[in-house]
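Residue strings, one per chain:
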Amino acid sequence: MAKGAHRSHRALGTALVVAALASTATACSGASEPDRGAAAPAAGQQAPGQAPERAAAGALNAYVERVRERRTARVVAAKKWGLAKPPLEAPAAPATKPRITTRKGFETDGEGLPPVFTAVPTKQKVVFLTIDDGAEKDPELLRMMKELRIPYSAFLSDYVVKDDYGYFARMQKSQETGVSLHNHTLNHRYLPGLSYKQQKREICGMQDVIEKRFGKRPPLFRPPYGNYNEDTLRAAKSCGVEAVPLWAAEAFPDHMEWREWDRDLHPGDIVLTHFRGKGDWKGTMPDMIRRVMNVITAKGYAVAKLEDYV
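Residues numbered from 1 in each chain as written. Predicted model: local features only at pLDDT ≥ 70, side-chain atom pairs only at ≥ 80, totals over all residues. Heavy atoms only, no water.

Caption draft 1: Representation of the nonpolar core. In terms of nonpolar packing, the biggest core is built from 47 residues, with Leu-141, Leu-156, Phe-168, Met-171, Val-271, Phe-275 and Ile-289 touching the most fellow members. Residue contacts for Leu-141: discarding those within four places in its chain leaves Ile-131, Tyr-167, Met-171, Phe-275, Met-285, Pro-286 and Ile-289. Residues Phe-106, Leu-191, Cys-239 and Leu-272 belong to the second largest nonpolar core, which totals 30 residues. (Core = buried A, V, L, I, M, F, W, Y, C linked by side-chain atoms within 4.5 Å. Buried < 20%, exposed > 50% of the residue type's maximum accessible area, 1.4 Å probe, protein only. Contact = heavy atoms within 4.5 Å.)

Caption draft 2: Here's a closer look at unusual backbone geometry. If you check the backbone angles, Thr-185 has positive phi at about 80° while not being a glycine. Tracing the backbone through its elements, the reader meets Thr-185 in the loop between β4 (180–183) and α6 (196–214). Taking the relative accessible area as the measure of exposure, Thr-185 reaches 0% and is therefore buried. Residue His-188 is not a glycine yet carries a positive backbone phi of 55°. Along the chain, His-188 turns up in the loop between β4 and α6. Residue classification places His-188 among the buried residues on the basis of a relative accessible area of 16%. (Helix = DSSP H or I, 4+ residues; strand = E, 2+ residues; numbered from the N terminus.)

Caption draft 3: Up close: the layout of surface pockets. Quantified by volume, the largest pocket comes out at close to 560 Å³. Around the largest pocket, the lining comprises 22 residues; the ones closest to its centre are Arg-70, Glu-89, Arg-149, Pro-151 and Thr-177. A per-element tally of the lining of the largest pocket places helix α2 (residues 50–80) first, with three residues. (1 Å grid on protein atoms, 1.4 Å probe; cavity = no way out; pocket = protein on both sides within 12 Å on 5 of 7 lines; lining within 4 Å. Points joined across faces, edges and corners; volume = space filled by probe spheres on them.)

Caption draft 4: Seen up close, the pairing of strand β8 (residues 270–274). A large share of β8 lies buried, amounting to five of its five residues. The alternating pattern of β8 places Ile-270, Leu-272 and His-274 on one face and Val-271 and Thr-273 on the opposite face, and all of these are buried. Bridge count between strand β6 (residues 249–251) and β8: two bridges; the pairing is parallel. Directly across from Glu-250, in β8, lies its bridge partner Leu-272. (Pairing = 2+ DSSP bridges.)

Set out below in structure tokens:
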């Protein structure tokens, strides 16, 4: 669509909203037509109904200006961090969260257990970015994600985060809507090889750590390597886990890996990556974010906040 058409539609939309707000304000005043017997307002005073209309129009104009400023800031940040294009804005969070069920083929025999899934059921062109473990604690990552306003969720393992809980406390508060910290076990062990009691210690122990260090018991849990059995889900449920998100795609600084046969993104896909640096892979955390965001944006998707949907 031509730029002029975009501007025309926005102008028309703004005019209609202002008119609607003005109409509502007039209706709220209780008068369907002017009182011809009323005295004219004194100099410097507003006629009845004018102040609410101006206030509504002013509030709308302020909102439009804030949106414009945020978009401009995102364009500047995208250039600063070397992205091909600014990240797309995610739509408003759904008023009602979608019903999450276990993906076919990922079930256990147990009933009433937390669902295991790789994507959220939605028709919106959004995906969700999740980062696992906590080994790399790069301050540039926090700055980059804040400036680009990219939402993400961290799934932490205590054995690699306990040397610097403060980094993840800063991460938690680094964005307006907050960064959610979730459970990835105490020691990142292969859970199906452990007894129920051992699994419960790994999972519930990390629930306790996150609650103590960061103030909230997390509702989401991701098993190491994506491996679990029924004992895993029973243990997780026993200490407050509500859902078990796995992933549909995995991001690295130099490539993407895909779970699905078509090697593509789909609405609601969960994207996995890790807290890693040059010692473990071919690049830094900002390199990885640059890569994955270029892929996500080029395919016409926005990154939304997982907790708004689950």
